[in-house]
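These are the residues of each chain, in order.
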Amino acid sequence: MALSELYTKYNRVWIPDEEHVWKSAEILRDFKPGDDTLQLQLEDGTEMLYSLDTSSPQLPHLRNPDILVGENDLTALSYLHEPAVLHNLKVRFVESKIIYTYCGIILVAVNPYKQLHVYGDAVIHAYSGQNMGDMDPHIFAVAEEAYKQMARNNKNQSIIVSGESGAGKTVSARYAMRYFATVSKSGSKTHVEDKVLASNPITEAIGNAKTTRNDNSSRFGKYTEISFDRRYQIIGANMRTYLLEKSRVVSQSESERNYHIFYQMCACADQPEFKSLRLLRADEFRYTSMGGETAIEGVDDRKDMEETRRTFSLLGLTKDFQADVFKVLAGILHLGNVEIRNVGSDRSSISSSDPHIAAFSDLLGVSPDGVTRWLCHRRFVMVAETVVKPVTSKRATNARDALAKQIYAHLFDCVIQKINAALRVPGKQHSFIGVLDIYGFETFDINSFEQFCINYANEKLQQQFNLHVFKLEQEEYMKEDIPWTLIDFYDNQPVIDLIEAKMGILDLLDEECLFPQGTDQNWLQKLYNYLADNPLFEKPRMSNEAFIIQHFADKVEYQCWGFLEKNRDTLYEELIDTMRTSKFPLLANFFLEEEPGGMGSKGIKVRPARPGVKPTNKNLRTTVGEKFRSSLYLLMETLNATTPHYVRCVKPNEEKMPFEYDSKRVVQQLRACGVLETIHISAQSYPSRWTYIEFYSRYSILMSQQELVLTDKKQTCRTVLQRLIQDSNQYKFGRTKIFFRAGQVAYLEKLRLDRLRGACVTIQKHVRGWSHRRTFLRMREAAIILQQYVRGQRRIRKSVTAAALKQGWAAVVIQRYWRGHLTRQIFRMVRSSSIIIQAFTRGWIARKRYKKMVEVQKALILQKYARAWLARRRFQTLRRLVHNVQLSYRCQQLRKKLEDQGKENCGLLERLTSLAGAHAQGLDKLHSLEAQLGKSATEKAALEEREKKSKEDAAKTIAQLQQEKDGFIVQKQDLEKKLADTATEMKDGFDQIKTTLKEDLEREERLRKIAENNLDLQKEDHEKEVEVLREENRRLKEERVHLLRQTEEGAQVNTDLQDQVIQLTKHVKVIPELRKDLHNLQTQRDDLDRRMKGQSEEAIAKMSVITRQLLGVMMEGEVISRLASDGPEQIYEAGDLLTAFDGLQKATRVLERKQKEQKEVSDSQIEGLTFKVEHLQNENNQLQKLFQEKMSVNDSIGQEVTRLNQENMVIPELKQTVSELQRHKQELEEQLEEQTRGMTEKIEEISKKLQMNVEEEASQRRLLEQHEQVEREKEEVERRVEELEEVLRRQKNTETEAKTRFTQEASRLTAENMDFEEQLDMKDRLIRKLQNKIKSLQTSEKANQTPAPTIPKEYLGMLEYKREDEPKLIQYIILDLKPRGVVVNMIPNMAAQLLFMCVRHADYLNDGAKLKSLMNAIISGVKKVITDHQADFELLSFWLSNMYHMLNCLKQYSGEEEFMKQNSPRQKKNCLQNFDLSEHRQIFSDLAIRIYHQFISVMEKDLIPMIVPAMLEHESLQGISSMKPTGFRKRSSSIYEDQEIYTISSLLQQLSLYHSTMSQHGMEEGLVRQAVKQTFFLVGAATLNNILLRKDMCSCRKGMQIRCNISYLEEWLKEKDLVQGTSAMETLKPLCQAAWLLQVNKTTEDDAKEIVEQCSELNTVQIVKILNSYTPIDDFVLDCQDSEFLYSH
C-alpha cells in the first residue's frame, strides 16, 4: 500500500511550527494525487489549507495513533520521524513522569531537575539478571546489559554517556558505576567498590564548576575503566581524563564559578587545618569572584569539603598529601591576588610588600624575588648574548595566569594518578567495563578553541556510533535471513578529514604555532586560502575573524582569537626554572623535564593523518591540539575494541525547571546526539518487527475462518499479509519475525480498528434495537392494560347490577374452593409418587454403593497379596542379581589389573628395545668416524713419504752439481736459478699440503664434537629410560601395597572364622550341662519308684499326700500317652527337633488346662483315689519309657556333638591354608623387593658407567678406546636388558599364578565360610530348642503346683547400639539415606525416630559421653548433608521435616512441664531421666531454621524465573490479547532463543511438586503452610514489582489476565486444603488491588475516592505509578493521564 493512501479523513499529521517546532492537525478531506492543498484542522479548532507542490508533493509527516504514543522504544513507532520522536518523549516526560526512553541501542535520559526515587538498592536488585527489553528503560538496564554481555561473551564493554552541560551526564555515569559496585560485590576486605564510588566526589570537586547551564558541570572528559576478575567481581579501576578547561582557573563568565574545591577551602578557612594557608573569603580572591556569585543555592560548601576529605581518606591518600594539595590550591588563589602595576608604558612591577606574593612563595617554597623578577621580565637568547627585557603589565598578568593554569593542570593530573594508584589492587584483570563521561556537541554565541576540540571529539564519536548502528542493523537482517540492502546514512568522514587530515585545520594550526611571530589572523588567512573549496568550510559574510564548519549536528561559527595561544599553552622557561628550584617537593615534581617518548608509554601507537613537525628545541613542545588528537585516537581505539552502549542525556529546558519541556531545545539536542540519525537508519529499512506469535495474537481479528483453522501459525501470518498488503516490498518474512516498512503497522492498525469499529456498530445496532423494542413492547403492554381497565370500568358502569355482583362474587368463591380441592389432590398424588420414586432410587443407589464397596474391598485384598508376592519376588531377584554383579565386577577388576600389568611390561620391553636401537645407531656413527680418521691418517703418511722423497732427490742433485762444478761453471747461474724455482715450487706444495692437513684436522675436530653431542643425547635418553624404570618400580611397589591390603582382608576373614569357632565351642560346652540334667532326671526317677512302692502300704495313713502326688502322676501319664499316640518314634527317629519342641509346648498347654479342671472338681475326685492307686504301676512303666526316650535323645545329642567336633577339625586346616597363603604372599613380596632392589642397583650402575664414559670422552686420541668401551657397554646393556626381561617375565608369571591361586582360595574360603555360617546358624537353633525343651521339662512339675499368670512383654522404645558403631549409625541413617526410599516414604520421619530411640538408650544407660558424642555426630552429619546438597529440594525438605520432628521429640520427652501437658501416662513414663538436653534443643532449633532458610531460597531460585512469564506475560485468557501493537524490538544479545516458556500451569505444577514432596516427607502442617505463604508472598511481590517497573504491563486487559491467574492460584489452595490457616491469599492482596486498579474507571472524582478506599494495601506512590504507567491497548479504552485526577486524593 502506498503511503499517500493513508492521508484520509480523520487521520492526523504533523506540520512545522515556529514556537513548538511541530504541531498536530487533523485531515478534513481525503488527499488525492494532484491536489495542491491539504485541508487541515488544528487542535484548537482552527481550519487551514496546507500548500503542496503539485510536481513532487512533500506531504506532512503522519501522526502515530494514540495507542502507540508513549512507547518504551522510539524505533517501535509505526511512523519514524522527528515530530513522532519529539512528541513521544514529551508524553513520557511530562505526562508519565518517565525520564528514560530507548531509541534502538540508545538510552535517552531527560534530566528531570528533581530527585527521583528510582535509584535505590531495591531497584538495582529488580533490574539485576533481567533482559534489557523485559523492564522499563533505565540506566540500570543498560548497565546490566553491559555486565551480562561481559560475563557471557568474555568481551570488554563500554558505556558512552554524552550530552550538553547540565543534561545529567555525570549523574548517569555515577549511577552506572554504582550499579556495577552493587551487583559485583567481592566480599573482600579491600572494599574496591566503595573506593570506585568514592573517586567521584574528588573528581567533581577538582573538575566540576557552576556554569550558566549547570550547577555541577564537568569541565573535563573522563573515561573510567572498571576492572573485573574471572568471577566478574570488581578488582580495581583506572581513570583517564581529556581536555581539562584550564582557563576557568583564571577567568569565569558572569554568574559562573571556579572549580568547587576553591570555594570548599574558603568555606573552611576558619578550621585549624587551614589556618596556615592564610585563606580569605571566596569573594576576596580574584580567581573565585570574577563570576560575581560565590555560592550555589542549596549547596553547602563546608559539608562538601568534609565529604571530599572523607573520600580522600577512604582512597588511602595520606593527610600529608592532602595538606600538600591544599597548599598548592591556596598558592594559586594567592597568586591570583598578586597586584601587577604599570611602570611607564613598557614596564611593570610587583611590590615587595605584597602579602599575596609572600604567601604564595611561603606555601610553595619558591623564591619571592625570582617569581617577582620573571613575572615582570623575559629573557631572550641571542646569537652572541642573552638579553633580559621588561614586559608590560598585560603580558605579566598573562604570565601569572599561565603559571596558575599550569600549576592547576599538573595538580589535577597528580590527583588523578593518585586515585588510579589507590584503585589499583593486586590481581590480574580478566575484563573491564568502561564508562565514558564526555561533553556533548556545543554551540554558543562565541565559540573558541575549547568548543572546537569538543565538537571534533563528538564527530569521532558520532562516526563510531553510525558504524556500530549500521553493523547491528546488518546483523539483525542476516540473523533473520532477509536480503541486505545498502542503507544510505550520513557519513561525517569529510568533516573529520577537514579537521585532522594533511593541510587540515589542526595541521595548519600546529604549523602556525611553530612561528614565533605567528598570529591568529595569519592562521585564519591560511584556512581561507587552503580550505575555501571545501563545501564543509565557510567564510562568514560579515566577519574576517571567524570561520564556519558544517558539523553533523549543525553549523558552528568559531572565533579565531586565542586559538594559537590556547594551542601553544606556553609558559616562560624562566618561571619553569623557578618552580623547579622549589623546596616544596610536590611543586618541583610538577615541572620536571619529561623524557622523550613519554606519550608512547601506554603501548598504543597513534598514527595521525599527517606526521607532525618535530620541534627543533625544548621550547617547541607538543601542542594542545596534537595531545588531544593523540588521546582521542587512543580513546577510539579502546572503544572500537569493546562493545559500546550509548546513553544520550537531554536537557529539557534552560531554566532548570522540573518536568518542563522545551521542544526547541530538545530537538536541537536530539539532532546533535545522534538519536534522529538512528531513527533515520531504522526508517530506511524495516523499522517495525513483530514475531509471528505477536502478529497472530494481535491481528487474528482480520483473519478469515479458513485461515484460523490452519495449525501452522507462521503460514497463516504469511497468507493474511499477502491478502491484506498487496505490495510484497512493504514487508519481509524472517525466520522468527515479520519486518514491516514504515507506516505498514499503522495501516494494519487502521484495518483492525475499522473491523472493530464495524463490529461495534453492529453490536450497538442490535443492542439499541433490542433495547428500543423492549421499551416499545413494555409501553404497548402497559397501554393495552390501561385500555382494558378503562374499557372494563366503562362496561361495569354501564351493565353491572347488585344481583350480578353477588352472583359474580359467589362464583368466585366457588371457583376458589374447587381450585383448592383440585390442587390438593394433585399435590398428594405427586408427593406419593415422588416418595415411591425416591425409595426405589435410594435403594438402587445403596445397593450399587454396597456392591462397589464389596468389589473394592476384594480388589484391595487381591492387590495386597499380589503386591506382597511381587515385592518378595523382586527382592529375591534383585538380591541374586546384586550377588552376580558383585562377583562379575570383582573378576573384571582382577582381569583388568592383570591386563594393565601385562601392558606395562610390554611397554617396558618396547622402551628397552628402542634404547638398544638408539645405542646401535650411536655405535654406527662411531664406526663411520673411525673410518674417516683412518683415511685421514693414510693420506697424511703418503704426503710425508712424498716430501721425504723430494728432499732426497734435491740432495742428490746438489751433490752432482758440486762434483761437476768445475765442468759446468758456465751453467752455474742457470742451475742456481732452476734450483731456486724448484725450491719455491716445493715450498708452495708443502704449504698446500699443510693447509690440507689443517682442514682435515678441523673437520675431524667437528666430527668429534658432533660425536660428543650425540653421546650427550644418548646420555639424556638413558636418563629418561632410567626415570621410566623408576616409575615402573613405583608402580610395582603400589601393586605390592595392594597385595598387602588383600592379605590383610584375608587375615580379617580368618579372624571372623576364628570368632565363629569360638562361638561354636561355647555352644558345645552346653552339652555336658545337658548330660548333667539327664542324670538328675534319672535319679529322680529312681526316687519316684521307691516312693510309689511305699505308697501302696501307706495309702490310708497318708491319703492327702498320695492324692496330690496321684493327681500329678495322672496328668503326666495323660500327657505322655498323648505324646506316645502322636508317634514319638517318628519324632525322634526322624530327627525333626522343631516338631518335638512344638509337641512339648502342646503338652504344656494340656497340663495347664488339666490343672484348672482339677482345681474345679477337686472335691469330687476323692472317690477315684482307689482307681488311681491301681494305675500307679502303669504310670511307672510309662515314666520308664519316657526316660528311655530321653536317653535316646541324649545319644542323638552326643552324636551331634561328635559331628560338630569333626566339622571343627576343618578350622585348623583353614588356618593352615591361610597361613600358607600369607607365607606365599610374603615370599612373593620378598622376591619382588629383591628384584626391585637389583633392578635399581643395575640401573644406577648403568647410569654411573654411562656418566663416567661420557666424562672420559674428551679428546680425539681416545676415540678408539671409546669405541671399544661403547661396544662393551652395549653388550652389557643388552645383557642387562635380557636379564630385566627375564626378571619381568618371571615376575609376571609369578604374580599371575599368585593372583589366580589367591582368587581361587578366596572364592573357596568365601563359599566355605557361607556354608559354615549356615551350619552354625542351624546348630544354634538346635541348641536353643534343646535348652528350651529341657527347661520346660524341669519346670513342668513346678508349673502344676504354682501356675504364674502370663505377663505381656513391654517394649521400651529404644534402639541399642555400641559406641564403636556410632559412625556406621550416622553413615546409614543420615549420610547414605535417600529421601526417595520405599521405607522412608512408608514411615515419615523414620530417621528422626531412629535417632531419638538411640538418644533414649544413651539416656537409659546414663552414659553422658555416649549421649554427647551421639548428639554432636547427628548435628555434624546433618550439617554435612545439607552443605553438600545445598540445591537439592527433596533432601532439604526431608531433613527439615526430620529435624523438626526431632526437636519436637526432644521437647515432648524432656521432662519439662510446659511440654508435657498433652502427654499420656505412658509418654510421661518414657521421658528422659538423666540428662538435660535444652542446649542441644537450641542447636537443633538453629539447625532447623538454617535448613528452612536454605529450603525457601531453593524454592525462590526455582520460582523467580517462572513468576513474571507465568503471571504477566502468559495469555491465560484465550481471545483477550493484552499485547500492544508496538512490534517491540528486543536486543538479540539479551534474549536466549531457546529460553523456556513458562505458563500459569507450569507455576502450579511446580507448586504442586513442592507440596507433594513436603507432604510425602511428613512435614509438620504448620511448616507446610508457612512455606506456601512465603511462596505466595514471593509471587505477589515479584509480580507487583514488575508491574510497577514495566509500562507495557499496565493495561486493562493485563489486569484481567492477572486476576484470572490469581483465581488459578486460589483454586490450587482450595484443592490442597490450604486456604484456612495459611493467609496465603492475604499476601496477594496488593496484587489483586493493582489488577483491580488497572480495570476500574479512572476519570471522575468518585473513581478517585473509590480507588483510595479499595486499594488499602497499596501506598500513594504505587497507585500514582500505576496510573502514570497505565496505557490502553485499544482506542476504545479510556486513558487516565489527567494530572488533576492523579493528585486529587
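Residues numbered from 1 in each chain as written. Predicted model: local features only at pLDDT ≥ 70, side-chain atom pairs only at ≥ 80, totals over all residues. Heavy atoms only, no water.

## Notes on the nonpolar core
Phe180, Ile261 and Phe547 are the most contacted members of the largest nonpolar core, which has 193 residues in total. The element best represented in this core is helix 12 (residues 393–423), accounting for 15 residues. Setting aside residues up to four positions removed in sequence, Phe547 forms contacts with Ile505, Trp523, Leu524, Leu527, Tyr528, Phe537, Glu538, Pro540, Val556, Glu557, Tyr558 and Phe563. (Core = buried A, V, L, I, M, F, W, Y, C linked by side-chain atoms within 4.5 Å. Buried < 20%, exposed > 50% of the residue type's maximum accessible area, 1.4 Å probe, protein only. Helix = DSSP H or I, 4+ residues; strand = E, 2+ residues; numbered from the N terminus. Contact = heavy atoms within 4.5 Å.)

## Digging into the pairing of strand 1 (residues 12–17)
Pairing of strand 1 with strand 2 (residues 21–27), which is carried by six bridges, proceeds in the antiparallel orientation. Pairing of Val13 across the sheet is with Ala25, part of strand 2. Hairpin remark: strand 1 followed by strand 2, antiparallel, with three residues in the connecting loop. (Pairing = 2+ DSSP bridges.)

## Considerations on a nonpolar patch on the surface
A surface patch of nonpolar side chains, about 340 Å² in accessible area, is lined by Leu878, Leu881, Val882 and Val885. In this structure, Val885 sits in helix 27 (residues 802–963). Looking at Val885, the relative accessible area reads 46%, which means it is partly exposed. (Patch = residues over 30% accessible without salt bridge, like charges linked within 9 Å, V, L, I, M, F, W, Y side chains within 5 Å. Areas by Shrake-Rupley, 256 points an atom, 1.4 Å probe, with all protein chains shown as cover. Salt bridge = Lys/Arg side-chain N within 4 Å of Asp/Glu carboxyl O.)

## Here we look at the side chain of His1401
Mapping His1401 onto the fold places it in helix 40 (residues 1390–1404). The class of His1401 is buried, set by a relative accessible area of 7%. Filtering out sequence-adjacent residues up to four positions away, His1401 remains in contact with Met1358, Leu1359, Glu1360, Tyr1361 and Lys1410.

## Concerning unusual backbone geometry
In this model, Lys656 sits at a positive phi of 60°, which is unusual for a non-glycine residue. Secondary-structure assignment places Lys656 in the loop between strand 21 (643–650) and helix 21 (663–673). Judged by its relative accessible area of 25%, Lys656 is partly exposed. You will see that Asp1617, though not glycine, has its phi angle at about 55°, which is positive. Examined against the element boundaries, Asp1617 turns out to sit in the loop between helix 47 (1596–1615) and helix 48 (1624–1627).

## Quick look at a positive patch on the surface
Judged by side-chain charge, Arg791, Arg794, Arg795, Arg797 and Lys798 come together as a positively charged surface patch. Of note, Arg791 is situated in helix 26 (residues 744–799). Taking the relative accessible area as the measure of exposure, Arg791 reaches 56% and is therefore exposed. (Lys, Arg positive; Asp, Glu negative; His and termini not counted. Charge placed at Lys NZ, Arg CZ, Asp CG, Glu CD.)

## Quick word on the pattern of salt bridges
A complete count under the given rule lists 38 salt bridges for this structure. Notably, a salt bridge pairs Lys23 with Asp17, separated by 3.7 Å at the nearest N-O pair. Here Arg302 ties to Asp270 by a salt bridge, and the two come within 3.2 Å at their closest N and O atoms. With a gap of 32 residues between them, Arg302 in helix 8 (residues 301–314) and Asp270 in the loop between helix 6 (260–267) and helix 7 (286–289) connect regions that are remote in the sequence. Residue classification places Arg302 among the partly exposed positions, given a relative accessible area of 30%.

## A closer look at the confidence of the model for the protein
Averaged over every residue, the pLDDT of the protein is 77; the share at 70 or more is 73%. Counted against residues more than four places away or in other chains, residues 595–620, with its pLDDT under 50, gives 23 contacts. Note on residues 1525–1538: pLDDT under 50 across the span, and 47 contacts to partners over four residues away in sequence or across chains. (pLDDT = per-residue confidence, 0-100.)

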